[in-house]
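Okay, here's what each chain looks like letter by letter:
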Amino acid sequence: MTRETTSFVYVTYILSTPEKVFEAITKPEIARRYWGHENVSDWQPGSDWQHIRANDARTVELVGKVVEISPPSRLVITWANASQAADPASHSRVTFEIEEYNEMVRLTVSHDELEAGSGMAKGVKQGWPAVLSSLKSFLETGHGLDIFARPKAA
């Protein structure tokens, strides 16, 4: 039986350079400032990567492998909850494409191979817009957003 999959694509334009956008994704000390997590790896094809909560507990929340890397224009990683790392069926794939547009960058994040209807599929549809909006704010103003904020009660 084949599992049904879905994907999520988000495109944003950032007043920055491809190099700065790529570094913001791959350098832990930068990612923690707009994402609240660090992406930790040696960033070689086939290497492990971990998405570590940037707090005292340093919880590893997501894990995967570096599939492809071509700085500063492309990064492809697999993506799974740390608790499901041993289950290949739970892994999805994230592709970051970074293109220079005059004085700005077009960043396209494609998250595919998601199990349709899963908690992960629902989570990325809320998570990526917040994270990528925070990345844009951080690179343009020096200040990220509170990506853990929740809607105000009506």
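Our structure is the block above this text.
Quantities reported herein were computed from a predicted structural model and do not represent experimental measurements.

Caption draft 1: Layout of the pairing of strand β3 (residues 48-53). Of the pairings in the sheet, the one linking strand β2 (residues 37-40) to β3 comprises four bridges and is antiparallel in character. Among the inter-strand pairings, V40 is bridged to a residue of β3, identified as Q50. Where β3 meets strand β4 (residues 60-70), five bridges bridge the pair, whose relative direction is antiparallel. Bridging across to β4, W49 finds its partner in G64. Taking the residues that link successive antiparallel strands as the turn, the β3-β4 hairpin has six residues, and the phi of R58 there is positive, at about 50°.

Caption draft 2: Here's a closer look at the packing of helix α2 (residues 28-35) against helix α3 (residues 119-141). Running from N to C, α2 and α3 point in directions that differ by 110°, and their axes come no closer than 8 Å. As the angle between them shows, α2 and α3 are arranged roughly perpendicular. For the element pair α2 and α3, the recorded crossing hand is right-handed. Residue-level contacts link I30, R33, Y34 and W35 of α2 to W128, V131, S134, L135 and F138 of α3. Broken down by class, the residue content of the contact of α2 with α3 amounts to seven nonpolar, one polar and one charged.

Caption draft 3: Summary view of the pattern of salt bridges. Within this structure, the stated rule accounts for ten salt bridges. Note that K65 is salt-bridged to D48, the shortest N-O span being 2.6 Å. In this pair, K65 sits in strand β4 while D48 sits in strand β3, placing the two residues 17 residues apart along the sequence. Among the residues examined, K65 registers a relative accessible area of 41% and is labelled partly exposed. On the basis of relative accessibility, which here comes to 49%, the residue D48 falls in the partly exposed class. Here R93 makes a salt bridge to D112, at a shortest N to O gap of 2.8 Å.

Caption draft 4: Region of interest: the side chain of E38. As for its placement among the helices and strands, E38 is situated in strand β2. At 2.6 Å, the side chain of E38 forms a polar contact with the side chain of R32. Engagement of the side chain of E38 in a polar contact is seen with the side chain of R58, the distance being 2.8 Å. Discounting chain neighbours no more than four positions away, the residues touching E38 are P28, A31, R32, Q50, H51, I52, A54 and R58.

Reading the values: rules and limits
Each chain carries its own residue numbering, running from 1 in the direction its sequence is written. With pLDDT at 70 or above as the cut-off, local features in this predicted model cover only qualifying residues; side-chain atom pairs require 80 or more to be listed or tallied, and sums for whole chains, interfaces and linings still use all residues. The side-chain values count all of the structure's non-hydrogen atoms but skip hydrogen atoms and water molecules. At least two DSSP bridges between two strands are needed for those strands to be called paired. Helix numbering and strand numbering both begin at the N terminus, where a helix is a DSSP run of H or I of at least 4 residues and a strand a DSSP run of E of at least 2. Here an angle of 0 to 180 degrees is reported between the N-to-C directions of two axes, which are lines fitted to C-alpha atoms, with helices fitted over the stretch in contact. Should an angle fall under 35 degrees it is taken as roughly parallel, and over 145 as roughly antiparallel, whereas 65 to 115 is taken as roughly perpendicular and any remaining angle as oblique. The hand of a helix crossing depends on one turn: near helix anticlockwise from the far one by less than a right angle means left-handed, and clockwise means right-handed. Residue contacts follow a heavy-atom distance rule, with two residues in contact if any of their heavy atoms lie within 4.5 Å. By the convention adopted, Pro, Cys, Tyr, Trp, Phe, Met, Ile, Leu, Val and Ala count as nonpolar, Lys, Arg, Asp and Glu as charged, and the other residues, Gly among them, as polar. We define a salt bridge as a side-chain nitrogen of Lys or Arg found within 4 Å of a carboxyl oxygen belonging to Asp or Glu. Using a 1.4 Å probe on the protein chains alone, a residue whose accessible area is under 20% of its type maximum counts as buried, one over 50% counts as exposed, and one in between counts as partly exposed. Pairs of N or O atoms within 3.5 Å make up the polar contacts considered here, provided that, within protein, one atom can donate a hydrogen while the other can accept it, and that residues adjacent in sequence are counted only when both atoms are side-chain atoms.

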